[in-house]
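Inside the fold
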Amino acid sequence: YIARDTRRLGMTVDVEHSHVRFLGDLVLNLWDCGGQEAFMENYFASQRHNIFRNVEVLIYVFDVQSRELEKDFHYYQSCLSSIAENSKNAKIFCLCHKMDLIPEDQRDQVYKEREAELRRRSNPMDITCFRTSIWDETLYKAWSSIVVTLIPNVSQLQLQLDDFSRILEADEVVLFERATFLVISHTVGNAGRARDPHRFEKISNIIKQFKLSCSKSAAHFQSMEVRNDRFAAFIDVFTTNTYVMVIMADPTIPSAVTLLNIQNARTHFEQLESGVK
């Protein structure tokens, strides 16, 4: 979906189940629980064990403009209690959503206050908070961060990507999941270079729109190269389930050299990817 498509979606009724395939063999089982009061009471009364058992991640979405904050916090803490009882190792993520509805000059303060209150009410459980909106890159960033926590041994993948970047002498290397174009891992070669903090989300959106255009003409997106007098950027199929983006700060390095290095690294990362599933 793109942001405007959400206008066609109805509210969640009770619990809706869906499955998302990620990195080929990793299947995410998603339980979307409606937030209406009647459903919330039912979750804790008759479905408590069924819903909160074997949970890897709890994502609780708060409407930042809600006028019933105490009720929201009550249900949230009930969820935490159920998680502690049935899935004590689950990771907890809170989204302070619809931040676009807050005046821009007040957003930082509103989010800071809400995050502090969430941490206080979550104690002693550890939580991670994100400020989100469907109208900018923040929701993508949150989902990327959350999904990466579910990838086994992702730290090993990060180490290998660091080595790959050093061999290339790249300014930056980013690994995207092939189907969703969520960021799996990235490494920066030149730490002193100024970077747009939302660059991954923007690039992902551009590529997804381009892939959509390709599919309409019965074509398949394979790779892309962008070059000017300041840098060269390459986006290419990397493994069965990933794309790689390589940024070279020295545009005088021939494209063929970078593309050959990407090609030579594919087998190694295919084997590594098999090991992290």
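Everything here concerns the structure above.
Residues numbered from 1 in each chain as written. Predicted model: local features only at pLDDT ≥ 70, side-chain atom pairs only at ≥ 80, totals over all residues. Heavy atoms only, no water.

**Notes on the pairing of strand β8 (residues 223–227)**
The line we're drawing: Should DSSP find at least two bridges between two strands, the strands are regarded as paired. Numbering goes from the N terminus for both helices and strands, where a helix is a DSSP run of H or I of at least four residues and a strand is a run of E of at least two.
Of the strand pairs in this sheet, β8 and strand β9 (residues 232–239) are connected by five bridges, and their pairing is antiparallel. By the bridge assignment, Glu225 is partnered in β9 with Phe234. Remark: four residues form the turn of the hairpin made by β8 and β9, two consecutive strands paired antiparallel.

**Looking at the sheet that holds strand β5 (residues 127–131)**
Test applied: Geometry is summarised by axes, namely lines fitted to C-alpha atoms with helices restricted to the contacting stretch, and by angles between N-to-C directions that run from 0 to 180 degrees.
Spatial ordering of the open sheet is given by β3-β4-β5, a layout of three strands whose pairing is parallel. If you trace the sheet from one side to the other, it starts and ends with β3 (57–63) and β5, each paired once. On average, each strand axis in the sheet is inclined to that of its neighbour by 20°, with strand direction left out of account. Here β3 pairs with strand β4 (residues 91–97) via seven bridges, running parallel.

**Brief notes about the nonpolar core**
Our working rule: By convention a nonpolar core is built from buried Ala, Val, Leu, Ile, Met, Phe, Trp, Tyr and Cys residues, the set being connected through side-chain atoms within 4.5 Å. Remark: exposure states derive from per-residue accessible area (1.4 Å probe, protein chains only) relative to the maximum for the residue type, with buried under 20%, exposed over 50%, and partly exposed in between. Any pair of residues with heavy atoms lying within 4.5 Å of one another is described as a contacting pair.
Of all hydrophobic cores here, the largest spans 24 residues; its most connected members are Phe62, Tyr76, Ile83, Ile92, Cys94, Leu118 and Ile127. Going through the elements one at a time, α2 (48–52), β3, α3 (69–86), β4, α4 (107–122) and β5 are the ones with two or more residues in this core. In terms of residue count, α3 provides more of this core than any other element does, six residues in total. With residues near it in sequence (within four places) discarded, Phe62 still touches Asp72, Phe73, Tyr76, Cys94, Leu95, Cys96, His97 and Leu118. In this structure, Ala170, Val173, Phe238 and Met248 belong to the second largest nonpolar core, which totals 20 residues.

**Focus on the sheet that holds strand β10 (residues 242–248)**
Here we have five strands laid out as an open sheet, ordered β7-β6-β10-β9-β8, and antiparallel in their pairing. Both outer strands of the open sheet, β7 (183–188) and β8, are each paired with one neighbouring strand and no more. Sheet twist, expressed as the mean angle between neighbouring strand axes with direction ignored, is 15°. In this sheet, β7 lies alongside strand β6 (residues 172–177) in antiparallel orientation, the contact comprising five bridges. Directly across from Leu175, in β7, lies its bridge partner Ser185. Against the sheet, helix α7 (residues 199–216) makes contact with β6, β7, β8, β9 and β10, and its axis sits at roughly 50° relative to β6, the strand it touches most.

**Considering the pattern of salt bridges**
Side-chain pairing between opposite charges can occur once the charged atoms of the two side chains come close. Going by this rule: Any carboxyl oxygen of Asp or Glu that lies within 4 Å of a side-chain nitrogen of Lys or Arg is treated as forming a salt bridge with it.
Taken as a whole, this structure holds 12 salt bridges when the rule is applied. Of the charged contacts, one joins Lys98 and Asp63 as a salt bridge, the two residues approaching to 3.5 Å between their closest N and O atoms. One end of the pair, Lys98, is in the loop between β4 and α4; the other, Asp63, is in strand β3, with 35 residues separating them in the sequence. Among the residues examined, Lys98 registers a relative accessible area of 35% and is labelled partly exposed. A salt bridge links Glu117 to Arg120; its shortest N-O distance comes to 2.6 Å. Of the two residues, Glu117 and Arg120 both sit in helix α4, three residues apart, roughly one turn of that helix. By relative accessible area, which is 22% here, Glu117 ends up partly exposed. By sharing partners, the salt bridges in this structure join Glu70, Glu117, Arg120 and Arg121 into a single network.

**Some thoughts on α3**
Stated precisely, the cut-off is as follows: Here the expected span of a helix is defined as 1.5 Å times the quantity of residues minus one.
Compared with an ideal rise of 1.5 Å per residue, which puts 18 residues at 26 Å, α3 spans 26 Å between its outermost C-alpha atoms and is within 8% of the ideal. Every buried residue of α3 is accounted for by Asp72, Phe73, Tyr75, Tyr76, Ser78, Cys79, Leu80, Ser82, Ile83 and Asn86.

**A closer look at unusual backbone geometry**
Cis rather than trans, the peptide bond between Asn123 and Pro124 has omega equal to 10°. Relative to the assigned elements, Pro124 resides in the loop between α4 and β5. Non-glycine residue Phe181 carries a positive phi angle of around 60°. Positionally, Phe181 belongs in the loop between β6 and β7. Residue Phe181 is classed as buried on the basis of its relative accessible area of 1%.

**What about the side chain of Gln160?**
By the secondary structure assignment, Gln160 is in helix α6 (residues 154–168). The buried category is assigned to Gln160, whose relative accessible area is 18%. Dropping the residues within four chain positions of it, Gln160 is found in contact with His268, Phe269 and Leu272.

**Side note on the pairing of β3**
For clarity, the threshold we go by: By convention a crossover is right-handed if, when the strands point away from the viewer, the path from the first strand over the helix to the second runs clockwise.
Residues Leu58, Tyr60 and Phe62 of β3 are buried on one face, while the alternating residues Val57, Ile59, Val61 and Asp63, pointing to the opposite face, are not. This β-α-β element, β3 to α3 to β4, shows right-handed connectivity.

All we've got here are geometric facts, nothing functional implied.
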